[in-house]
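Understanding the architecture of this molecule
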There are 2 protein chains.
Amino acid sequence: MYSIGVDIGGMSIKVGVVDRDGSIVKKGKVATDVAGGPHKIINDIADLILSLIDPKDRDFVGIGIGCPGAINSATGVVDRAFNLKWHKVALAEELSRRINKRIKVSNDANVAALGEAMYGVGRTYTDTIFLTLGTGVGGGIVLNGKLYEGNESKGAELGHMVLVVDGEPCTCGRNGCMEAYCSATALIRETKNAMLADKQSSMWGFVGGDIEKVDGRVAFECSKSGDKSANAVVDYFVKYLGEGMLNFANIFRPQAIILGGGVCAQGDYLIYKLKDYCKDRNYGFANTPRFDILVAQLGNDAGIIGAAGLILSELR
Amino acid sequence: MYSIGVDIGGMSIKVGVVDRDGSIVKKGKVATDVAGGPHKIINDIADLILSLIDPKDRDFVGIGIGCPGAINSATGVVDRAFNLKWHKVALAEELSRRINKRIKVSNDANVAALGEAMYGVGRTYTDTIFLTLGTGVGGGIVLNGKLYEGNESKGAELGHMVLVVDGEPCTCGRNGCMEAYCSATALIRETKNAMLADKQSSMWGFVGGDIEKVDGRVAFECSKSGDKSANAVVDYFVKYLGEGMLNFANIFRPQAIILGGGVCAQGDYLIYKLKDYCKDRNYGFANTPRFDILVAQLGNDAGIIGAAGLILSELR
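Quick notes on the rules
Once a new chain begins, its residue numbering starts again from 1 and follows that chain's sequence as written. Think of it this way: whatever chain is written first is A, whatever ligand is written first is 1, and the rest follow in order. Where local features are concerned, this predicted model is filtered to residues with pLDDT of at least 70; where side-chain atom pairs are given and counted, the filter is 80 or more; whole-chain, interface and lining totals use all residues. As a rule here, side-chain values come from all non-hydrogen atoms in the structure, and water together with hydrogens is ignored. Under the scheme used here, helices are H or I runs from DSSP no shorter than 4 residues and strands are E runs no shorter than 2 residues, and both carry numbers assigned from the N terminus. In this treatment the radius of gyration is a C-alpha quantity, and the globule benchmark scales as 2.2 Å times the residue count to the 0.38 power. Relative accessibility thresholds used throughout: buried, under 20% of the residue-type maximum; exposed, over 50%; partly exposed, between the two (1.4 Å probe, protein chains only). The contact criterion used is simple: two residues touch if any of their non-hydrogen atoms lie within 4.5 Å. Counted as positive: Lys and Arg. Counted as negative: Asp and Glu, with His and the chain ends omitted from the count. Charge coordinates come from a single atom per side chain, which is NZ of Lys, CZ of Arg, CG of Asp or CD of Glu. Two strands qualify as a pair provided DSSP detects at least 2 bridges between them. Think of each axis as a best-fit line through the C-alpha atoms, taken over the contacting stretch in the case of a helix, with angles from 0 to 180 degrees between the N-to-C directions. Simply put, the buried area is the total loss of 1.4 Å probe accessible area from both parts when two parts are fitted together. What counts as a salt bridge is simple: a side-chain nitrogen of Lys or Arg found within 4 Å of a carboxyl oxygen of Asp or Glu. Polar contact is the term for a pair of N or O atoms within 3.5 Å; when the atoms are in protein, one must be able to donate a hydrogen and the other to accept it, and sequence-neighboring residues count only if both atoms are side-chain atoms. Only Asp, Glu, Lys and Arg are considered charged in this grouping, and only Ala, Val, Leu, Ile, Met, Phe, Trp, Tyr, Cys and Pro are considered nonpolar; every other residue, Gly among them, is considered polar. The copies were overlaid by least squares, fitting only the C-alpha atoms of residues that reach a pLDDT of 70 or more in each copy.

Our next topic: the overall build of chain A. Looking only at helices and strands, chain A features 10 helices and 13 strands. The C-alpha radius of gyration computed for chain A amounts to 20 Å, which stays within 12% of the reference 20 Å derived for 316 residues, consistent with globular compactness. Expressed along its principal axes, the backbone C-alpha trace of chain A runs to roughly 65 × 50 × 35 Å. The burial tally for chain A puts 60% of its 316 residues in the buried class. At a minimum sequence separation of 6, the contacts of chain A that also span at least 24 residues come to 62%. Counting 35 positive and 36 negative side-chain charges, chain A places the averaged centre of each group 2 Å from the other.

Take a look at the structure:
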C-alpha cells in the first residue's frame, strides 16, 4: 500500500511514494512555477506524480498534500497562500481531474506534525504538539493519533498565541505573539541587539565583524564558550519558548512537545535548557503528568512523509 | 432515560435527576462535610441519590460527577482537591459500591463547559471553548461535541495560559497567567488600585467609601455612568480577556467562546466590548472563520446538568 506525499514549498515541490511504514520508496522534485499560476503548478504536480507511480496500481491509495497558507482541509481548497500568490484555489478538485484518487490537503506545519507523530520522534505517543521554529513559528496538534486542525482547519496557529500583551510586533497584526519571541527571526533580532549593546562580545568575532551575517546559531555557539551577552540571548529564547510550551502543556497536557526548524540543530544543548526551565513550572506538579521535549527527526523529508500520512492515518 | 448529575462544591453538594433533554426533573442538596472526610461525603452523595431515584429503575443509566481539583476521568480518581482536602480519592469506585451504575467524574469547569455545549447557549455548535471567570479562571474545551480533557484529563487549564511573561503573580506559581488578569479577583485588584489612584472616582461613592466592599460589579457599573478611572479598569479587563480569547481562537478556531461566572452578569455591556476588541484582531481575517462570544445560560444548575452530560453524551 502506497500513498503519494506532496510537499509544496515556495521554491520547489517535492513528491514521494510512501509506504505504510512511512518510508519513501521513490521521490522527485520540480521547481515551483509561481509565475505560471495555480493551474500550471497543479499540472506540474500531476506530471511528477504520474512519473513516479501508475494511477492504475491498486496499491496506490491516495494523495496527501502539505501546502503553506490557509487551507480548508474539508474541501481541499487553498483559501490563501501568500508565497504562492494563491487565493481560493480548489487544489484537491483540480488535481483529481488529472488523477482520480482520494486527495487530502492540509497546512504544511500540520503535515509536519502528523509526520513526526506517525513516523518520527513522536511515534510512540498518542498526543503531541509540534512547533517549528523558523522564519515564523508554525504549529501542529495531534490528539489521539489524529491531526487536530480546528474549525475549517484554521486552528493550530500555535505561533500566534500572545505571550506578552503589548509586546513585540508580530506579522499577524497583534503584538507579543510567540512567533515574535521564539522564531529564528526573533532570535536573530535579539542576537543583533545584544551585539550592539556589547561591542566586546565574542559574537562579533564569530560573524567576522559583520552583523548582517548573524544567524540563529551565533548566540548558541558563543554561549557554549561562555560569552555573557550570548548567554543572555539564549536564556531569553529559552524562557519565552519554555513559557509558550508550558501554556500548551496546560491546555493539552500532551505526552510530548516536538520541536522542529533550524534552531533545533542545537539539539541537547537547547533541550536540556528547556527541560530545566519547564521542570518546576509544570501546573499541578506531582498530580499532573509531565511532557517530554523532543527534536523532530524526519528532516527534509518531513513534508513528504507527513503529507502521505494524511491518507495513511485514515487507513490505520 | 435519566442520568444523575452530581455537583460537588466546597460548601454544598447538589444532585439532580436529569433527562435526555438536559432538564432537571428532581433535585436535592446536602452540605459538604469536609471535616467528615471523603468516605462520609461519598456516603452522603449515595444517600442523596437514592432519595431521588430507585437504582433498579431501568431508565437510570448512570451517574456523572463534577468535582473541583485535579481529576483523572479515566479512572474516576480525584488526585487532588484542595478545598475538599482530598488526595487520591477513588470517588467512582467507592460510590459504585453503594450504587452499581456507570459513573464518570470530571473537573467542575469541564463539566460546566459540557453542560453549556450540550444543553445551554452552545447547543447549536459543535466546537466551543468555555471560560468561567470567578475567583480563578476555569476552562473547558468541547470538540466535535465531546469534552476534550487532555492526557490523564489534566489539560484544559485555560486560566493558566501566560499572557504576560513576568507579569502579575498567579496562584499556580507562574507569573502572568490569564487568571491573574481575567478573574474576578484580578478585576477587584485593578478596581481597588484605580480607586486608590483616583480619590475623586465615583467608585468610592458606589461602595460607600469602603474599599473592602469592592466586588466585580463596581468598575462596570461606574463605567456605565462615564467614570474615567472605572472605564480604564473595564478597558484593561476587556483587553486581557480579549487577548486570551484570541489566543484560544488561534489554537482551536472554535465556533463560539462561552463565558460564565459572576462577571458575566454584565451581559451585553461586556460582550459588545469584547466583540469590538476581537473583531480586527482575528488571525487571517477574511480567510478565517470568526467566533461568537456568548454568555453561559444554565446558571446555578450548570454543574448538575453538565455532570449528567458526562453520561448522556455517551448515549447520543
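Moving on, we come to the sheet that holds strand 5 (residues 70-72) of chain B. Residues and elements named next belong to chain B. Pairing is antiparallel across the open sheet formed by three strands, whose spatial order is 5-6-7. One side of each edge strand has no neighbouring strand; the edge strands of this open sheet are strand 5 and strand 7 (86-89). Ignoring strand direction, the axes of neighbouring strands in this sheet form an average angle of 15°. When strand 5 meets strand 6 (residues 77-81), the two strands line up antiparallel, connected through three bridges. In the sheet register, N72 faces strand 6, and the bridge partner there is V77.

Across the boundary between the two partners, chain B contributes 43 residues, which contact 43 residues of chain A. Interface of chain B and chain A: buried area, both sides summed, is about 3,700 Å²; carbon and sulfur atoms make up 53% of it. The interface formed by chain B and chain A includes four salt bridges. Its salt-bridge partner being R174 of chain B, residue E243 of chain A comes within 2.7 Å of it at the nearest N-O pair. Across the chain B-chain A interface, the total number found is 26 residue pairs in polar contact (both at pLDDT 80 or more). Mapped by element, the contributors of at least two residues to the side of chain B that touches chain A are strand 6, strand 10 (137-143) and helix 8 (228-252) of chain B. Considering only residue class, the side of chain B that touches chain A consists of 21 nonpolar, 10 polar and 12 charged.

Here we come to the relation of the copies chain B and chain A. For the pair chain B and chain A, the superposition axis carries a translation of 0.0 Å, the fit reaches an RMSD of 0.0 Å, and the rotation angle comes to 180°. When the rotation and shift are considered jointly, the pair of chain copies conforms to a two-fold rotation axis. An overlap of 100% is found between the interface residues of chain B and their copies at the interface of chain A, pointing to a shared contact surface.

Below, the discussion takes up unusual backbone geometry. Residue and element names in this part refer to chain B. A positive phi angle, near 60°, is found at K85, a position not held by glycine. With respect to the helices and strands, K85 occurs in the loop between strand 6 and strand 7. A positive phi is found at D166, a non-glycine position, where the angle reads about 70°. Inspection of the secondary structure puts D166 in the loop between strand 11 (146-148) and helix 4 (179-182). On the basis of relative accessible area, D166 is assigned to the exposed category, the value being 54%.

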